[in-house]
Amino acid sequence: MHITTRNFQKGFTLIELMIVVAIIGILAAVALPAYKDYTVRAKVTEVMLAASAGKDSVVEHFVVKGTLPTTAQIALATQSTKYVSSVGWSGTVLTATATGETKINGSTITLTPSVTGDVLNWTCSGTIAAQYRPASCK
C-alpha cells in the first residue's frame, strides 16, 4: 500500500497578490476623479440653495403686488458663505455667485422668472459647468 502525501498551498502566491494590487489600483484611478466631481457638485448645491433663498423674496413680492420686483423693491439677505460669494436680484434675474472652489470660483447659477397669468415659473441656468449643476438646473 502506497500513501501519497500532498503539499497544500498555504497563503497566496506572488502573482495572486500582484493581481489584487493591480485591481485595487485600477479601481482607485477611476474612483478618485468621480469622488472629486461629487465634492464639487455638493458645493454647487450650496450655491443653488442660496439662490433659492433669494427666490423666496421675489415670489413673496410677486404674490403680494402681482408684479416682479425692481432691484430697489426687495432686499435679499446676505448669503455669503464658504462657497457662495453673493446673491443678487437685477430686476429680471436672480444670480448666485460661487467661490471657494477652483472649478467653480466666480461662476454663477441664475434663476430667471417668467410670468404666465398669475403663475411664476423659474428657469435655471448659469456659467457653472453643466456636469456640476443639479439635475433640476441642466
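Residues numbered from 1 in each chain as written. Predicted model: local features only at pLDDT ≥ 70, side-chain atom pairs only at ≥ 80, totals over all residues. Heavy atoms only, no water.

## Observations concerning the overall build of the protein chain
Formally: Per the convention used, a helix needs a DSSP run of H or I reaching at least four residues, while a strand needs a run of E reaching at least two, with both numbered from the N terminus. Our radius of gyration is a C-alpha quantity, and the globule rule it is checked against amounts to 2.2 Å times the number of residues to the power 0.38. Burial here depends on accessible area, computed with a 1.4 Å probe over protein chains only, as a share of the maximum for the residue type. Under 20% is buried, over 50% is exposed, and the range in between is partly exposed. When checking whether two residues touch, look at their non-hydrogen atoms; a contact exists if any pair is within 4.5 Å. Lys and Arg are tallied as positive, Asp and Glu as negative. Neither His nor the chain termini are counted. To locate a charge, the coordinates of NZ of Lys, CZ of Arg, CG of Asp or CD of Glu are taken.
For the protein chain, the count of helices and strands is one helix and four strands. Going residue by residue from the N terminus, the α and β elements of the protein chain occur as α-β-β-β-β. Expected size for 138 residues packed as a compact globule is a radius of gyration near 14 Å; at 27 Å, the protein chain overshoots this value by more than 25%. If you line up the protein chain on its principal axes, its C-alpha atoms span 105 × 30 × 20 Å. Expressed as a percentage of its 138 residues, the buried residues of the protein chain come to 27%. A separation threshold of at least 6 residues defines the contact pool for the protein chain, and within that pool the share at least 24 residues apart is 40%. The averaged location of the 7 negative side-chain charges in the protein chain is 11 Å from the averaged location of its 11 positive side-chain charges.

## A short note on the nonpolar core
Stated formally: Residues belong to a common nonpolar core when they are buried Ala, Val, Leu, Ile, Met, Phe, Trp, Tyr or Cys residues joined through side-chain atoms within 4.5 Å.
Membership of the largest hydrophobic core comes to 21 residues, with the highest contact counts inside it found for V44, I104, I109 and I128. Contributions of two or more residues to this core are made by α1 (14-65), β1 (84-89), β2 (94-98) and β3 (108-116). Top contributing element to this core by residue count: α1, with seven residues. Residue contacts for I104: discarding those within four places in its chain leaves V40, K43, V44, A98, I128 and Y132.

## Thoughts on the side chain of H61
Along the chain, the position of H61 falls in helix α1. In contact with H61, not counting residues within four places along its chain, are G66, T67, L68, P69, Q73 and I74.

## Thoughts on the pairing of strand β4 (residues 119-126)
Spelled out, the test is: Two strands pair under a simple rule: DSSP has to find at least two bridges between them.
Of the pairings in the sheet, the one linking β3 to β4 comprises eight bridges and is antiparallel in character. Bridge assignment links T116 to a residue of β4, and that residue is V119. Linking β3 to β4, which pair antiparallel, is a turn of two residues; within it G117 sits at a positive phi near 65°.

## A short note on the sheet that holds β1
How we decide: Lines fitted to C-alpha atoms define the axes, with helix axes restricted to the stretch in contact, and inter-axis angles between N-to-C directions lie between 0 and 180 degrees.
Sheet architecture is open: four strands sit in the order β1-β2-β3-β4, paired in antiparallel fashion. The open sheet has two free edges, formed respectively by β1 and β4, since each of these has just one partner strand. Ignoring which end each strand starts from, the neighbouring axes of this sheet average 15° apart. Strand direction decides the pairing type here: β1 and β2, joined by five bridges, are antiparallel. Residue V87 lies in a different strand from β2, and its bridge partner there is A96. With respect to the sheet, α1 is in contact with β1, β2, β3 and β4, its orientation differing from that of β3 by roughly 30°.

## Let's talk about the UniProt feature "transmembrane region" (unreviewed entry) in the protein chain
Our working definition: UniProt positions are given in the numbering used here, feature names are shortened, and annotations may be inferred rather than shown by experiment.
In the UniProt entry, the feature "transmembrane region" (unreviewed entry) is given for residues 12-35. Measuring from the first to the last C-alpha atom of residues 12-35 gives 32 Å, for a span that is 92% helix and 0% strand.

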